[in-house]
Amino acid sequence: MHSLNRQEIIDWLKNENSRELDDLFFAADATRRKHVGDEVHLRGLVEISSYCRSACTYCGLHAGNKKAIRYRMNSEQILKCAIQAERLGYGSVVLQSGEDPQFDMKSMEQLIRSIKRETTCAITLSLGERSPEEWARWRDAGADRYLLRFETSDPFLFEAIHPDALRNIPSRVDQLPVLRQLGYQVGSGVMIGFPGQTFETLADDLLLFQDLDLDMIGVGPFLIHPETAFGTGWVPREIDPTNQVESSVDMACKVIALARLLRPDAHIPSTTALATLGGVDGRIRGLKSGANVIMPNLTPTDLRGDYAIYPGKNVSFETAQVCRMELFDMLKSIGRVPGKGPGHRKRSQAPTNPSFTPKT
Ligand code: SAH
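Residues numbered from 1 in each chain as written. Predicted model: local features only at pLDDT ≥ 70, side-chain atom pairs only at ≥ 80, totals over all residues. Heavy atoms only, no water.

Undergrad: Looking at this model, I keep getting lost on the overall build of the protein. Mind explaining?
TA: Secondary structure assignment for the protein yields 12 helices and eight strands. Against the compact-globule benchmark of 21 Å for 360 residues, the protein has a radius of gyration of 19 Å, which places it among compact chains. Along the longest, intermediate and shortest principal axes, the C-alpha atoms of the protein span 55 × 45 × 40 Å. With 360 residues in all, the protein has 57% of them scored as buried. Partitioning the contacts of the protein with sequence separation of at least 6, the portion at a separation of at least 24 is 81%. Each charge class in the protein was averaged separately, 43 positive and 45 negative side chains, and the resulting centres sit 6 Å apart. (Helix = DSSP H or I, 4+ residues; strand = E, 2+ residues; numbered from the N terminus. Rg over C-alpha atoms; globule rule 2.2 N^0.38 Å. Buried < 20%, exposed > 50% of the residue type's maximum accessible area, 1.4 Å probe, protein only. Contact = heavy atoms within 4.5 Å. Lys, Arg positive; Asp, Glu negative; His and termini not counted. Charge placed at Lys NZ, Arg CZ, Asp CG, Glu CD.)

Below, the structure written as structure tokens:
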């Protein structure tokens, strides 16, 4: 038994031998069962605004995209979605948006308080980079978790794909401890396979998940949006085709599996991006490779298509009720059960070194 070191992680990311990869997925699935069980936690996702002040080169909602359709839900609409989340038996609601200053410190605080008053849902926020004062106030108002993907641990790449990093604020990696200190359960993660991402940087991202002791780890394939810098063919650095991570279901599942082995008791979603690329099968493969969370979409159906961070997202315009039925059937078919209650991370005092001996 020994821990996964950087080179072993790189070897797994490059491995294309399906029998060996089955061993990896099997080991990750067993680790998932042992540390977090068969429950799949359901977090109702409400995409509360498509306005964004940022200029990220990967995201269809970046401020410069004149073709993006912008909407902002009001507090009443959002509260209705949270009540629906509770009725559907989802223990959490995730409020996600572009970086929209209109949801300011006070309005978010009031919204969080009203959701906490009217429901028993845990609240996850995913509102991008906001000030420590805002984060503190929202935490005091009752927000439980914060998702802020660091997107890549390579500082050069991060500044290139996230030009706002040049605003004099700490990198996302450095902002995560602030959230942790405020008492949030902290989630982060990366996109898989954007141009310029190498096997080495992705291995470093995985090791950082371990070092940061994240409560939640969200990873999904990169999907190119035509109205972004990436969509026009821009690349952050010269691409070496032999060392470019591909955006695929297989690669996403490898990263999920490695994340599970490195952080046995974290919450890891089988993401919407994975389901967009691989359909229901993609979602199931994520769940069988170490994932234990799904974020069903509760955004009103007439707005969903406009939260277009990448194309093809939210392809399902089924009502929340229909989605829930399909989801529960799917979970049953793979021997998993819907999680009950808020589904907070329980730290299992798991060893930080995975007990998995790679066969390669
Ligand atoms: N404004 C918030 C929420 C952004 S959307 C924030 O910046 O944190 C949530 C995540 O979707 C992002 O962190 C990013 O990792 C992912 N994402 C954005 N554009 C994407 C794309 N084109 N393909 C795949 N994932 C993407």
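There is more to say after this.
Undergrad: Would you take a moment to explain the pairing of strand β3 (residues 122–126) for this structure?
TA: Every regular strand shows the same layout, with side chains that alternate between the two sheet faces. Of all the five residues making up β3, five are buried; the element is thus mostly covered by neighbouring parts of the structure. Because side chains alternate across β3, one face comprises the buried residues Ala122, Thr124 and Ser126, and the other comprises Ile123 and Leu125, equally buried. Strand direction decides the pairing type here: strand β2 (residues 92–97) and β3, joined by five bridges, are parallel. In the sheet register, Gln96 faces β3, and the bridge partner there is Ser126. In the classification by handedness, the crossover that spans β2, the intervening helix α4 (residues 105–118) and the parallel β3 is right-handed. In the sheet, β3 pairs with strand β4 (residues 145–147) via two bridges, with the strands oriented parallel. Within the sheet, the bridge partner assigned to Leu125 lies in β4 and is Tyr146. You can see the chain leave β3, run along helix α5 (residues 132–141) and come back into β4, and the turn it takes is right-handed. (Pairing = 2+ DSSP bridges. Right-handed = clockwise from strand over helix to strand, strands pointing away.)

Undergrad: I tried to follow the pattern of salt bridges on my own but got confused; where do I start?
TA: Where charged atoms of side chains with opposite charge meet at close range, the side chains can pair. One pass over the full model with this rule turns up 24 salt bridges. In this structure, Asp215 engages Arg345 in a salt bridge whose closest nitrogen and oxygen atoms are separated by 2.7 Å. A residue pair is termed long-range when its members are at least 10 positions apart, and Asp215 in the loop between α8 (199–212) and β6 (216–221) and Arg345 in the segment after β8 (337–338) qualify at 130 residues. Note on accessibility: Asp215 and Arg345 belong to one class, buried. (Salt bridge = Lys/Arg side-chain N within 4 Å of Asp/Glu carboxyl O.)

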